[in-house]
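In case you want the letters, here they are:
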Amino acid sequence: MIGTSSFLAKSVARNISTNGFRRLASTKSLKETLQEVIPAKQEQLKKLKAEHSQTVVGEVKVENILGGMRGLKAMLWEASVLDPIEGIRFHGMSIPDCQKVLPAAPGGKEMTAESMLWLLLTGKVPTPEQSRQLSAELAEKGELPAFVEKLIDSLPKTLHPMTQLGMGVAALNHDSLFQEAYERGIKKPEYWTYTLDDCLNLIAKLPALAARIYRNVYHSEKSIAPINKDLDLVGNYTQMLGFGHNEHLTEYLRLYIALHGDHEGGNASAHTAHLVGSTLSDPYISYSAALFALAGPLHGLANQEVLRWQMAMQKEIGDNITHDNIKDYLWKTLKGGQVVPGYGHGVLRNPDPRFVALQEFCKSRPDLQASPIIQLVQQTAEVAPDVLKEHGKTKNPYPNVDATSGCVLYHYGLTEFKYYTVIFGVSRALGALTQLVWARALGLPLERPKSYSMDALQQLIKK
């Protein structure tokens, strides 16, 4: 359909020989593994087009058009599917499934970003050796170009960290291998391999970029640790942030970044990356656009709002934390015309499995169990669903991942609220970028839905 085995083999060989890191000859690389799975997916797409292109899979109501296109089945996204009841599944695997089988970093217990990246991209579980070799490859590619360091260093501290992150990612477009190859006139079957190169280069550089922003804005007097080629992506990230001594935070960020890596394709940041990528913009430009979507208060700022709200509750009720006091504060929030942050979800109708996984992390660590803010989060989750059901204005009264994620960061000393979305941005690259590779491998077209004015919609209704 798109490309041939001989081309794929040549492209893989080209990249293996230029990666600049050593690997075991008996262990297949990420690109080699992807080479094996692409033809079957291409054939599956071909069959869907040939046999079912006119099959109806849903309907469009006026409420879908006026309500942000929620619920419309209108997008292909291979890495994950979000079920309203069960929650997210990555290539059919639940979060507990992933926690059982995805490799951890040496000496750690939580799955790494690299192992989740491998799963999202290939649909396969990597061996510990494959995960470590991917870590080595990313560490080798992880340093920022000098011009990007200079750009970030020149920005005012008062510029929002997410704005800085988006600018830094966009500037990395200077070295885009896809853009260079496209201008050279490569054929469509070659698009995916250069897109993969760009995606891996960007994922590798995100920790250094994000850490530099953190240090410049909040701790400019401190130097940034160099990349340690023996550490995984998150291990290096926490080192560069200045928290390398805190193994608990490192483990938490491994879990956090893996869990936030993908949440199907319809959310604002993932969809933005897909939309911009469909124009054949390179991954740097596509993901910078996604980051600016993530920066919006209705998308990526939620865990900051939760933390502010929980701390305000803590200040008001003091040390006398009871279910009745929490219930009173919840009603005060709702009667004041505000929403309870960290509860409800655009798709989910049950507790978010990501919230459950982070709560299990908290329960396994005595320091977190002793933390007043974590205790308050746990008790609020016991009270809030019944209050929200009684209030009757939310379809999902249960906690989502934001109900706890920022509070754990705060406990471990990462207290700069505005920076939290940057960590989210480092994470979400795992899903958004892997799907750019698949969009090119499958030859997906330019996205172009149909829009209507209200007058045109009313005329359509009359027909």
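The paragraphs below set out a description of the structure included in this document.

Reading the values: rules and limits
- Residues numbered from 1 in each chain as written.
- Predicted model: local features only at pLDDT ≥ 70, side-chain atom pairs only at ≥ 80, totals over all residues.
- Heavy atoms only, no water.
- Axes fitted to C-alpha atoms, helices over the stretch in contact; angles between N-to-C directions.
- Helix = DSSP H or I, 4+ residues; strand = E, 2+ residues; numbered from the N terminus.
- Parallel < 35°, antiparallel > 145°, perpendicular 65-115°, else oblique.
- Left-handed = near helix turned anticlockwise from the far one by under 90°.
- Contact = heavy atoms within 4.5 Å.
- Nonpolar A, V, L, I, M, F, W, Y, C, P; charged D, E, K, R; others polar.
- Expected span 1.5 Å × (residues − 1).
- Bend = angle between axes of the 7 residues up to and from the residue.
- Buried < 20%, exposed > 50% of the residue type's maximum accessible area, 1.4 Å probe, protein only.
- Phe/Tyr/Trp six-rings, centres within 6.5 Å; stacked < 30°, edge-to-face > 60°.
- Polar contact = N/O pair within 3.5 Å; in protein donor to acceptor, adjacent residues only side chain to side chain.
- Pairing = 2+ DSSP bridges.

Where helix α8 (residues 161–171) meets helix α10 (residues 191–218), the closest approach of the two axes is 10 Å, and the angle between their N-to-C directions is 140 degrees. If you check the angle between α8 and α10, you find them oblique. Here α8 runs over α10; the crossing is right-handed. Residues Pro161, Gln164, Leu165, Gly168 and Val169 of α8 form the contact with α10, whose own contacting residues are Leu202, Leu206, Leu209, Ala210, Ile213, Val217 and Tyr218. For the contact of α8 with α10, the per-class residue count stands at 10 nonpolar, 2 polar and no charged.

If you check the backbone angles, Glu264 has positive phi at about 55 degrees while not being a glycine. Structurally, Glu264 is set in the loop between α12 (247–259) and α13 (268–277).

Another aspect to go through is helix α21 (residues 420–441). With 22 residues, α21 ought to run about 32 Å at 1.5 Å a step, and its terminal C-alpha atoms sit 33 Å apart, in line with that. Along α21, the sharpest change in direction is near 35 degrees and occurs at Arg428. In terms of burial, α21 is a largely internal element, 22 of the 22 residues being buried. Backbone geometry just downstream of α21 places Gly443 in the positive-phi region, at approximately 65 degrees.

Turning our attention to the packing of aromatic side chains. Using the criterion set out here, one finds 11 aromatic pairs in the structure. Through pairs of rings, three or more aromatic residues link up here, namely Tyr214, Tyr218, Phe243 and Tyr419.

It is worth spelling out the side chain of Gln359 at this point. Along the chain, Gln359 falls in helix α17 (residues 353–363). A relative accessible area of 7% places Gln359 in the buried class. Engagement of the side chain of Gln359 in a polar contact is seen with the side chain of Thr404, the distance being 3.1 Å. Gln359 has contacts with Val377, Gln378 and Thr404, leaving out every residue within four places of it along the chain.

In regular strands, side chains alternate between the two faces of the sheet. Residues Ser80 and Leu82 of strand β1 (residues 80–83) are buried on one face, while the alternating residues Val81 and Asp83, pointing to the opposite face, are not. Across 4 bridges, the pairing between β1 and strand β2 (residues 87–90) is antiparallel. The partner of Leu82 across the bridge, within β2, is Ile88.

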